[in-house]
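Take a look at the letters that make up each chain.
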Amino acid sequence: MKILVLNGSPKREQSDTMHITRAFLDGMREAAHHQVHTIHVIDEHIEYCTGCFSCMRNGGTCVHDDDMREILEEILASDLLIWSFPLYCYGMPAPLKALLDRTLPLSSMAMQKVGDRYEHVGQAFYSRLRHRMICRCGFPNSRFRFEPAVTRFNRRFPQGHTILTVTKSPVFTASEEAIGTKPGLQLVRQAGSQYAETGAIEAVLLAEITSPMIPEEQNAAIGNSGV
Ligand SMILES: Cc1cc2nc3c(=O)[nH]c(=O)nc-3n(C[C@H](O)[C@H](O)[C@H](O)COP(=O)(O)O)c2cc1C
């Protein structure tokens with residue numbers, strides 16, 4: 001499988017979210033061989049969409065001649081896109097949002113009704129493409145936190161997507177915890193393996209990964225101790 005990782009963290013490889021994404025990829029590799037390429041989006045030259053819609057009228061070519069042309073080609077040649085990003089103001093960091101906006105050339109102006117909603121008809125063939133969101137936040141629990149980012153992802157990629165949200169927690173940055181919790185990264189690795197084998201992650205495992213694995217107060221205190 002050809003996997004393209006879009007790393008939205010400006011911290012590049014130092015990204016805590018990428019730490020989780022790498023564990024997920026390791027799990028996927030346990031199940032099968034995959035070709036993985038990571039783009040640190042912050043290093044790419046991606047102009048903002050001007051909203052002119054010329055890409056949707058002229059066969060998918062954007063007025064900007066920048067790195068997005070190559071990235072779109074790579075997206076179309078991939079089987080799985082992993083959108084790996086930290087939660088910024090309840091959404092994705094600006095450089096990754098710029099990239100997402102610039103995927104507009106994949107659609108045409110034509111609209112079709114799917115169920116109760118309308119969406120643009122694809123201009124390029126990419127229905128086999130799968131999307132996975134891996135998002136980490138900076139607080140000890142998930143309540144009232146990931147909803148906007150998750151909703152956007154659900155709407156933008158209504159088919160073939162899966163979502164993994166992870167709270168700030170030492171169990172994801174340490175392989176083994178002094179305080180005796182389950183190593184979170186091992187669970188993420190297991191999720192990667194499951195996903196590669198079946199195309200899905202069991203609800204029980206997802207719930208375990210997305211729930212706080214140590215008491216929230218203890219987690220907050222650990223975070224505050226470094227402030
Ligand atoms: C500009 C900015 C906005 C942020 N907004 C949020 C937010 O809305 N909610 C949240 O839980 N954390 C927020 N955070 C914290 C990051 O999500 C958190 O530090 C994350 O673990 C960083 O991941 P990374 O190392 O992959 O970049 C924000 C951080 C920054 C720098």
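Look above for the structure.
Per chain, the residues get numbers from 1 upward, laid out in the order the sequence is written. Local features in this predicted model are restricted to residues whose pLDDT is 70 or higher, and side-chain atom pairs enter the listing and the counts only when it is 80 or higher, whereas totals over whole chains, interfaces and linings include all residues. Neither water nor hydrogens contribute to the side-chain values; these are computed over all heavy atoms in the structure.

## Observations regarding the site of the ligand
Here comes step 1: With respect to spatial proximity, 15 residues lie near the ligand, and among them Ser9, Lys11, Ser15, Thr17 and Leu87 are the closest.
Here comes step 2: Each polar contact in these results corresponds to two N or O atoms within 3.5 Å; when the atoms are within protein, one needs to be able to donate a hydrogen and the other to accept it, and residues that are neighboring in sequence are counted only if both atoms are side-chain atoms. A distance of 2.6 Å separates an oxygen atom of the ligand from a polar side-chain atom of Thr17.
Here comes step 3: A distance of 3.0 Å separates an oxygen atom of the ligand from a polar atom in the backbone of Tyr90.
Here comes step 4: When the ligand is considered free in solution it has 650 Å² of accessible area, and contact with the protein chains removes 73% of it.
Here comes step 5: When grouped by side-chain class, the residues that make up the shell around the ligand number seven nonpolar, four polar and four charged. For this description, a residue counts as near a given molecule or strand if any of its non-hydrogen atoms is within 4 Å of it. For every accessible area listed, the method is Shrake-Rupley and the probe measures 1.4 Å; residues are considered covered only by the protein chains on display. Each residue gets one of three labels, nonpolar for Ala, Val, Leu, Ile, Met, Phe, Trp, Tyr, Cys and Pro, charged for Asp, Glu, Lys and Arg, and polar for the others, Gly among them.

## Regarding unusual backbone geometry
Here comes step 1: Unlike most non-glycine residues, Tyr90 shows phi in positive territory, near 65°.
Here comes step 2: Secondary structure counts use DSSP, requiring at least four H or I residues in a row for a helix and at least two E residues in a row for a strand, with both numbered from the N terminus. Of note, Tyr90 is situated in the loop between strand E3 (80-86) and helix H4 (94-101).
Here comes step 3: For Phe144, which is not a glycine, the phi torsion comes out positive at approximately 55°.
Here comes step 4: Looking at the secondary structure, you find Phe144 in the loop between strand E6 (130-136) and helix H5 (147-156).
Here comes step 5: Burial classes: relative accessible area under 20% of the type maximum marks a residue as buried, over 50% as exposed, and values in between as partly exposed (1.4 Å probe, protein chains only). For Phe144, a relative accessible area of 69% corresponds to the exposed category.

## Some remarks on helix H3 (residues 68-76)
Because each turn of an α-helix spans 3.6 residues, side chains separated by three or four positions in sequence point in the same direction.
Here comes step 1: For H3, the full list of buried residues reads Met68, Ile71, Leu72 and Ile75. For H3, the arc enclosing every buried residue in end-on projection is 100°, short of the 170-degree limit, so these residues lie on one face. Every exposed residue of H3 that faces more than 90 degrees away from the buried side is listed here: Glu70 and Glu73.
Here comes step 2: For H3, the secondary structure elements touched by its buried residues are strand E1 (2-7), strand E2 (35-40), E3 and H4. The arc in question is formed by the directions pointing from the helix axis toward the C-beta atoms. Contacts: residue pairs with any heavy atoms within 4.5 Å of one another.

## Remarks on the environment of Tyr118
Here comes step 1: Here Tyr118 shows up in strand E5 (residues 117-122).
Here comes step 2: For Tyr118, a relative accessible area of 54% translates into the label exposed.
Here comes step 3: Setting aside residues no more than four positions away along its own chain, Tyr118 makes contact with Met111, Gln112 and Lys113.

## Points about the side chain of Ser9
Here comes step 1: Along the polypeptide, Ser9 turns up in the loop between E1 and helix H1 (16-31).
Here comes step 2: The contact partners of Ser9, leaving out residues within four places of it in the chain, are Ser15, Ser84 and Pro86.

## Comments concerning the pattern of salt bridges
Here comes step 1: Salt bridges, as used here, are contacts in which a Lys or Arg side-chain nitrogen is within 4 Å of a carboxyl oxygen on Asp or Glu. Throughout the structure, instances matching the rule amount to 13 salt bridges.
Here comes step 2: With a closest N to O distance of 2.5 Å, Glu13 and Arg22 form a salt bridge.
Here comes step 3: What makes Glu13 partly exposed here is its relative accessible area of 37%.
Here comes step 4: Accessibility expressed as a relative area gives 28% for Arg22, which makes it partly exposed.
Here comes step 5: The closest approach of N and O atoms between Glu216 and Arg143, which form a salt bridge, is 3.2 Å. Taken together, the positions of Glu216 in helix H8 (residues 216-225) and Arg143 in the loop between E6 and H5 put the pair 73 residues apart, joining distant regions of the chain.
Here comes step 6: According to the relative accessible area criterion, Arg143 is partly exposed, its value standing at 48%.
Here comes step 7: A network of salt bridges, in which partner residues are shared, links Asp26, Arg29, Glu30 and Arg189.

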